[in-house]
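Chain by chain, the residues:
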Amino acid sequence: MLNVLGTYEVKIDAKGRFMFPAPYKVQLGNDVKNGFVLKRSIFKKCLELFTIEQWKQESALVSKLNM
């Protein structure tokens, strides 16, 4: 499992985009070449970043939950 550490404040432009912080890119390395999922955390005021492989694992766990 990949862990990315750090706290960065970024600004959102008029189109709702932000510049991904360079230190995160360095920590992620080649793991993001296939893409990633960025989502708002349910429990904290933060964003969560998943590689596609991690996201597939998370989705599989969620789909097993009882509605």
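About the thresholds
Within every chain, residues take consecutive numbers counted from 1 along the sequence as written. With pLDDT at 70 or above as the cut-off, local features in this predicted model cover only qualifying residues; side-chain atom pairs require 80 or more to be listed or tallied, and sums for whole chains, interfaces and linings still use all residues. The basis for every side-chain value is the complete set of non-hydrogen atoms in the structure, without hydrogens or water. Paired strands are those between which DSSP finds at least two bridges. We count a stretch as a helix when DSSP gives it H or I for four or more residues in a row; a strand needs E for two or more, and each element gets its number in order from the N terminus. pLDDT: the predictor's confidence for each residue, scored from 0 to 100. Burial classes: relative accessible area under 20% of the type maximum marks a residue as buried, over 50% as exposed, and values in between as partly exposed (1.4 Å probe, protein chains only). What qualifies as a polar contact is a pair of N or O atoms within 3.5 Å, subject to a donor-acceptor requirement within protein and to the restriction that residues adjacent in sequence count only when both atoms come from side chains. Here, residues are in contact when the closest pair of their heavy atoms is within 4.5 Å. Centres within 6.5 Å are what make two rings of Phe, Tyr or Trp a pair, Trp counting through its six-membered ring; a difference in plane orientation under 30 degrees is then read as stacked, over 60 as edge-to-face, and the rest as tilted. The way it works is a 1 Å grid over only the protein atoms, where trapped points that fit a 1.4 Å probe form a cavity and open points with protein on both sides within 12 Å along at least five of seven lines form a pocket, and then any residue with an atom within 4 Å of a point lines it. Grid points are joined across faces, edges and corners, and a volume is the space filled by probe spheres set on the points. Polarity classes work like this: nonpolar for Ala, Val, Leu, Ile, Met, Phe, Trp, Tyr, Cys and Pro, charged for Asp, Glu, Lys and Arg, and polar for all others, with Gly in that last group.

Caption draft 1: Spotlight on the pairing of strand β2 (residues 47–51). By the bridge criterion, five bridges tie strand β1 (residues 36–40) to β2 in an arrangement that is antiparallel. Along β2, the bridge assignment pairs Val37 with Phe50. Connecting the antiparallel pair β1 and β2 is a turn made up of six residues.

Caption draft 2: Layout of the confidence of the model for the protein chain. Per-chain confidence: the protein chain averages 83 in pLDDT, with 96% of residues scoring 70 or above. By mean pLDDT, helix α1 (residues 22–28) is the weakest element of the protein chain at 80, and helix α2 (residues 52–63) is the strongest at 90.

Caption draft 3: Looking closely at the side chain of Ser41. Inspection of the secondary structure puts Ser41 in the loop between β1 and β2. By relative accessible area, which is 7% here, Ser41 ends up buried. A polar side-chain atom of Ser41 sits 3.2 Å from the main-chain amide nitrogen of Lys44. For Ser41, the residues in contact, after removing those within four places along its chain, are Cys46 and Glu48.

Caption draft 4: Region of the structure containing the packing of aromatic side chains. Per the counting criterion, the structure on display carries two aromatic pairs. With a centroid separation of 5.5 Å and an interplanar angle of 35°, the aromatic rings of Phe20 and Phe36 are classed as tilted. Pair noted here: Phe20 is in the segment before α1 and Phe36 is in strand β1, with a separation of 16 residues, a long-range link. For Phe20, a relative accessible area of 15% puts it in the buried group. On the basis of relative accessible area, Phe36 is assigned to the partly exposed category, the value being 36%.

Caption draft 5: A look at the layout of surface pockets. Its volume calculated, the largest pocket comes out at about 860 Å³. It is β2 that contributes the most residues to the lining of the largest pocket, five residues altogether. Per-class residue counts for the lining of the largest pocket are 18 nonpolar, seven polar and five charged. One number sums up the size of the second largest pocket: a volume of about 260 Å³. Around the second largest pocket, the lining residues are Lys39, Ser41, Ile42, Phe43, Lys44, Cys46, Glu48, Phe50, Trp55, Glu58, Ser59 and Val62. The element contributing the most residues to the lining of the second largest pocket is α2, with four residues. Grouping the amino acids of the lining of the second largest pocket by side-chain chemistry returns six nonpolar, two polar and four charged.

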